[in-house]
Amino acid sequence: MHSPARLGGALALTSFVTAFLAALAPRTALAHGAPEFPISRQYNCFKNPSLPACQAAIAYGGEQAIYDWNGVNQANANGNHQAAAPDLKICAGGQEKFKGFDLARSDWPATAWSPGTDGKYEYRYNATAPHRSLNWKFYLTKDGWNPAVSPLRWSDLEQVAELGPDQIVTSGKTIYTMKLSLPKRSGKHVIFSAWQRSDSTEAFYACSDVDFGGVSTPPGTPSGLKQIGQVSAAQDLPTGSQIKLRVFNGAGNDLETISLTLSAAANKAAWLSQLATRVNQTSAYVKVGSLQGGAVVVPSGVTVMDVYLQNANSGASYAMDVILPSTPPTNPGTTTWVEGASYTAGQVVSYQGKQYRCLQAHTAYVGAGWTPATSPTLWQAV
């Protein structure tokens, strides 16, 4: 599986997360999915853990949340969602380890969401372990809701849709597509979904941040254009850094690679804009940016952009690699912590004038922000 953003030398942060998730498979056997469009907080943080909101969620709730991104569930919900996911714990599905996804912040990345020509909003769910559905219930934040004031309460939400199993289109056995009729909203909101199984009392929960913008997608939008994910810039890059957007077919074989080598140092928004411009000029399969007036344009000053397939039925996927001009040492001395290096359990390092002991072996991937001072699951002050 290829994820939208991979950072950290020649190795990619999200490749590491994917591999680590596979290694944890026996522990995550009850994990069964999350929305991919509009992308949910847990799925976005799994794909883009360097986003500021995701770093805050990891620092507050722990890193296991991103490894178990598809397990925001309650085994005994039985349709009683307000009890299973109570006030202030709604986005976490009532689970302690996912509490970081309930943080009240104004910078949760929001998916631009507009209705299609049928007036309905498309909702896609990546079901890593499909189950029989009793129903899907959707709740939308009310007008006036402020994401930075407080974690969600049920009083902030109103139920706006309920779908039965016959209203769900399944493709590839793992993607559930639904069409929602929603009340008028503008600006940023949260759509909260509750998926209740029919063959069990188990239910699954997710919060997706959306931006209605007050404008519907024009009828002239190409019918083959399909939003499939995002790319994000997690750090400023030095001269000589190389960014690659690789495109693959449905079997995972390479179709094309769009490369950009920086001739000068660039901040996050600048190099992402350069990459998006090059992709849009040269790629035969994808476009990067924001959908405006039926076309994908490159916005300025942003560090997260959407990725669109030019042919929705092509089955193509993509991955972004960032390769720095030099690779940090893999085995630094025991006195100074270095980003990009590998550490072993028990190793003692110095960071910002303090000593820390490594709690579990790991690699401090560039851009992940896993410093000794901000990663209590990895380091302990001594």
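Not measured: the values here are computed from a predicted model.

Q: Tell me about the overall build of the protein chain, and please be specific about residues and values.
A: Looking only at helices and strands, the protein chain features six helices and 23 strands. Every one of the 382 residues in the protein chain was classed for burial, and the buried ones make up 51%. Taking contacts inside the protein chain between residues at least 6 apart in sequence as the whole, the part at least 24 apart equals 65%. For the protein chain, the exposed surface amounts to about 16,100 Å²; the carbon and sulfur share of it is 50%.

Q: Which residues make up the state of the cysteines, and what values do they have?
A: Tallying each qualifying case throughout the model produces two disulfides. Covalently, Cys45 is tied to Cys54 through a disulfide, its sulfur atoms 2.0 Å apart. Linking Cys45 and Cys54, the disulfide has an S-S dihedral of approximately -85 degrees and is accordingly described as left-handed. Cys54 shares its class with Cys45; the two are buried. Linked covalently through their sulfurs, Cys91 and Cys207 form a disulfide whose S-S length is 2.1 Å. The chirality of the disulfide connecting Cys91 with Cys207 is left-handed, given an S-S dihedral of about -85 degrees. Taken together, the residues span a long stretch of sequence, with Cys91 in the loop between helix H5 (81-84) and strand E4 (111-112) and Cys207 in strand E11 (residues 203-211) at a distance of 116 residues.

Q: Which residues make up the pairing of strand E10 (residues 188-197), and what are the values?
A: Within E10, nine of the 10 residues are buried, leaving the element largely enclosed by the surrounding structure. Pairing of strand E6 (residues 133-141) with E10 involves seven bridges; the strand directions are antiparallel. Paired with Lys137 across the bridge in E10 is Ala194. Relative to E11, E10 runs antiparallel, the two sharing nine bridges. Following the sheet pairing, His189 is matched in E11 by Val210.

Q: Describe in detail the pairing of strand E13 (residues 242-248), supporting the description with residues and values.
A: Where a strand is regular, its side chains alternate between the two sheet faces. Where E13 and strand E14 (residues 254-261) come together, seven bridges link them in antiparallel fashion. Paired with Arg246 across the strands is Thr257, a residue of E14. Pairing analysis gives seven bridges linking E13 to strand E18 (residues 317-323), with the strands arranged antiparallel. Across the sheet, the residue bridging to Leu245 is Met320, located in E18.

Q: Explain the packing of aromatic side chains residue by residue, including any values.
A: The tally for this structure, following the rule as stated, stands at 23 aromatic pairs. Residues Tyr176 and Trp195 carry aromatic rings whose centres are separated by 5.7 Å and whose planes lie at 90 degrees to one another, so their mutual orientation is edge-to-face. One end of the pair, Tyr176, is in strand E9 (residues 175-180); the other, Trp195, is in strand E10, with 19 residues separating them in the sequence. When sorted by exposure, Tyr176 lands in the same class as Trp195, which is buried. When the centroid spacing of 5.1 Å and the interplanar angle of 35 degrees are considered together, the rings of Trp195 and Phe204 count as tilted. Side by side, Trp195 and Phe204 carry an identical accessibility label, which is buried. Of the aromatic side chains, those joined through ring pairs into one cluster are Tyr123, Tyr125, Trp136, Phe138, Tyr176, Trp195 and Phe204. Residue placement shows Lys99 over the ring face of Tyr60; its charged tip is 4.7 Å from the ring centre.

Q: A description of the sheet that holds strand E2 (residues 34-37) should follow, citing residues and the corresponding values.
A: Read from one edge of the open sheet, four strands run E2-E5-E9-E8, paired in antiparallel fashion. On the outer flanks of this sheet lie E2 and strand E8 (169-171), each paired with one strand and no other. Pairwise comparison of adjacent strand axes, ignoring direction, gives a mean angle of 35 degrees for this sheet. In the sheet, E8 pairs with E9 via three bridges, with the strands oriented antiparallel. Looking at E9, one finds that Thr170 is bridged to Tyr176.

Q: Describe the confidence of the model for the protein chain, and please don't skip the residues or the numbers.
A: For the protein chain, the mean per-residue pLDDT works out to 82, and 85% of the residues sit at or above 70. Confidence over residues 214-223 falls short of pLDDT 50; this stretch has 15 contacts with residues more than four positions distant or in other chains. Under a pLDDT of 50 for its full length, residues 327-333 has, in the predicted model, 15 contacts with residues more than four places off or in other chains.

Q: Please give an account of the environment of Val279 that cites residues and values.
A: Assignment of secondary structure puts Val279 in helix H6 (residues 268-282). Taking the relative accessible area as the measure of exposure, Val279 reaches 0% and is therefore buried. Taking the C-alpha atoms as reference points, Val279 and Leu260, separated by 19 residues in sequence, lie 9.4 Å from one another. The residues touching Val279, leaving out its near neighbours within four places in the chain, are Leu245, Ile258, Val286, Lys287 and Val288.

Q: Tell me about the sheet that holds strand E21 (residues 354-358), and name the residues and values.
A: Judged by pairing direction, the sheet is antiparallel, and its three strands sit side by side in the order E20-E21-E23 without closing on themselves. Of all the strands in the sheet, just strand E20 (348-351) and strand E23 (379-381) have a single pairing partner and so form its edges. Averaged over all neighbouring strand pairs, the angle between strand axes comes to 40 degrees, with direction disregarded. In this sheet, E21 lies alongside E20 in antiparallel orientation, the contact comprising four bridges. The residue of E21 that forms the bridge with Val348 is Arg357.

Thresholds, definitions, all that
Starting from 1, residues in each chain are numbered consecutively following that chain's sequence as written. Since the coordinates come from a predicted model, pLDDT governs what is reported: local features require at least 70, and pairs of side-chain atoms require 80 or more to be given and counted, while whole-chain, interface and lining totals use all residues. Based on all heavy atoms of the structure, the side-chain values leave hydrogens and waters out of the count. The secondary structure listing takes helices from DSSP runs of H or I that are at least 4 residues long and strands from runs of E that are at least 2 residues long, numbered from the N terminus. Relative accessible area decides the class of each residue, using a 1.4 Å probe on protein chains only: under 20% of the type maximum gives buried, over 50% gives exposed, and in between gives partly exposed. In this analysis, two residues are considered to be in contact whenever any of their non-hydrogen atoms come within 4.5 Å of each other. Methods summary: accessible areas were calculated by the Shrake-Rupley approach with a probe of 1.4 Å, and residue burial reflects only the protein chains presented. Working definition: a disulfide is two cysteine sulfur atoms within 2.5 Å of each other. When DSSP locates at least two bridges between a pair of strands, those strands are taken to pair. Aromatic rings from Phe, Tyr and Trp, taking only the six-membered ring of Trp, are treated as a pair when their centres fall within 6.5 Å; an angle between ring planes under 30 degrees marks them as stacked, one over 60 as edge-to-face, and anything in between as tilted. Definition used: whenever NZ (Lys) or CZ (Arg) falls within 6 Å of the ring centre and also within 35 degrees of the ring normal, the charge is taken to sit over that ring. Where helices are involved, their axes are fitted lines through C-alpha atoms of the stretch in contact, as for all axes, and angles between N-to-C directions lie from 0 to 180°. The pLDDT score gives, residue by residue, the confidence of the prediction method on a 0 to 100 scale.

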